[in-house]
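Below are the chains, spelled out letter by letter.
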Amino acid sequence: MIKDKLYIGIDLGGTFIKGGVVSNKGQLLYSTQIETQAEKGPDKVTENIIKLINNLIKNFSSNKEDFCGVGIGVPGIVNSEKGIAVCSHNLKFDNFPIAEKIEREVSMPVKIANDANLAALGESLFGFSNGCKNVVMLTLGTGVGGGAIINGTMLEGNKSAGAEFGHSVIVFNGNKCNCGRKGCLESYVSATALIKKTKEEMLKNKSSKMWQVGSVENVNGKTAFNFKDIDKTAKKIVEEYINYLSCGVINIVNVFRPEVVVLGGGISNQGESLFKPLQKIVDKEMFASKHTPKVKIVAAKLGNNAGVLGSVGLFEN
Ligand SMILES: [Zn+2]
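The rules we used
Residues numbered from 1 in each chain as written. Predicted model: local features only at pLDDT ≥ 70, side-chain atom pairs only at ≥ 80, totals over all residues. Heavy atoms only, no water. Domains from an automatic or database assignment. Contact = heavy atoms within 4.5 Å. Buried area = accessible area lost by both parts, 1.4 Å probe. Salt bridge = Lys/Arg side-chain N within 4 Å of Asp/Glu carboxyl O. Polar contact = N/O pair within 3.5 Å; in protein donor to acceptor, adjacent residues only side chain to side chain. Helix = DSSP H or I, 4+ residues; strand = E, 2+ residues; numbered from the N terminus. Buried < 20%, exposed > 50% of the residue type's maximum accessible area, 1.4 Å probe, protein only. Donors = N, O, S within 2.8 Å, 3.2 Å for Na, K, Ca; no water. Tetrahedral: all angles 85-135°; square planar, octahedral: opposite > 155°, others 65-115°.

## Concerning the domain arrangement of the protein chain
The domains assigned to the protein chain are domain 1 (6-122 + 310-316) and domain 2 (131-300). A C-alpha centroid distance of 29 Å is found between domain 1 and domain 2. Contact with domain 1, which involves 12 residues of that partner, is made by 12 residues of domain 2. When the two sides are added together, the surface that domain 1 and domain 2 hide from each other amounts to roughly 960 Å², 59% of it contributed by carbon and sulfur. If you sort the residues of domain 1 by the area they bury against domain 2, Asn-117, Ala-120 and Leu-121 come out on top, with a joint share of 46%. There are zero salt bridges connecting domain 1 and domain 2. The interface formed by domain 1 and domain 2 includes three residue pairs in polar contact (both at pLDDT 80 or more).

## Here we look at the side chain of Thr-223
Position of Thr-223 relative to the elements: it lies in helix α6 (residues 223-227). What makes Thr-223 buried here is its relative accessible area of 2%. Looking at Thr-223, its side chain comes within polar contact range of the main-chain nitrogen of Asn-220, at 2.9 Å. For Thr-223, the contacting residues outside a window of four places in its chain are Thr-198, Met-210, Val-213 and Asn-218.

## Quick word on the coordination of the zinc ion
The coordination sphere of the zinc ion, as far as protein atoms go, consists of His-167 (ND1), Cys-177 (SG), Cys-179 (SG) and Cys-184 (SG), spread over 2.1 to 2.4 Å. Geometry at the zinc ion is tetrahedral, judged from the four donor atoms that bind it and their angles of 102 to 121° at the metal. The motif formed by the donor residues of the zinc ion, counted along the single chain, is H-x9-C-x1-C-x4-C. A residue is classified by how much of its surface remains accessible, and Cys-177, at 6% relative accessible area, is buried. A relative accessible area of 0% places Cys-184 in the buried class.

Structure, rendered in structure tokens:
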């Protein structure tokens, strides 16, 4: 019997570094995490990653020879070819040769990629889109992250700075975005944007049933969805939200024509009430819809483990 190959997957976050032992078949065999300590600078963060890798090895098998490599998802701009964390504000990376530094300490190959790209790779390999060669992922969270696998390869662009679907404009001169432009998809469909819109509409509509949450401080990304069947303000917010999201999704579909679009982040847990109307609009409005196969829109399957599992794809592709 051929033994599964084992990898170590690391997802470097602002607060925690998550790590896991992953097989080439996408099984997460063991996982643990450690505090990032981002405020102490890149050298300390690197030290913590090394500590986490050694913990994973020790607790899982105690034999370094069992592992084929380490894949790390790094936030911000990443030069994946050279293993350099080019720029990440939260983690204070500034052209930091992170892969080389870790490789020296752990004596096995280390590869890095942008964290959102790596999550998309994980979903394409081991999520619902398993087996599809063209997969685009959008993560609807504080911002809107993105990643694309095209013809089985992670689309990174020059210096891995591409695939930023959240910063494509859907409303010319529209809402101000964190990136400096106006009207980006992110400024309409991130959880942050949905929460802001819900609060604004509640303040305009004092009779809205959404006030049952108490105050606007208690509003979250679920509020409008929770009340949409009994409150017309909430219904309007949800409809508008889905219209904006469909616009962004169709733009992406028309450029890349994936088999599957994966939606991640908290909002993707809304199930049918989000996916059904969204799928309907995309089916109708995407280019050449009558003559081409459907593009399936699905919720992410791997949750917070997508990046850790995606690390396998950095080696096995
Ligand atoms: Zn933007």
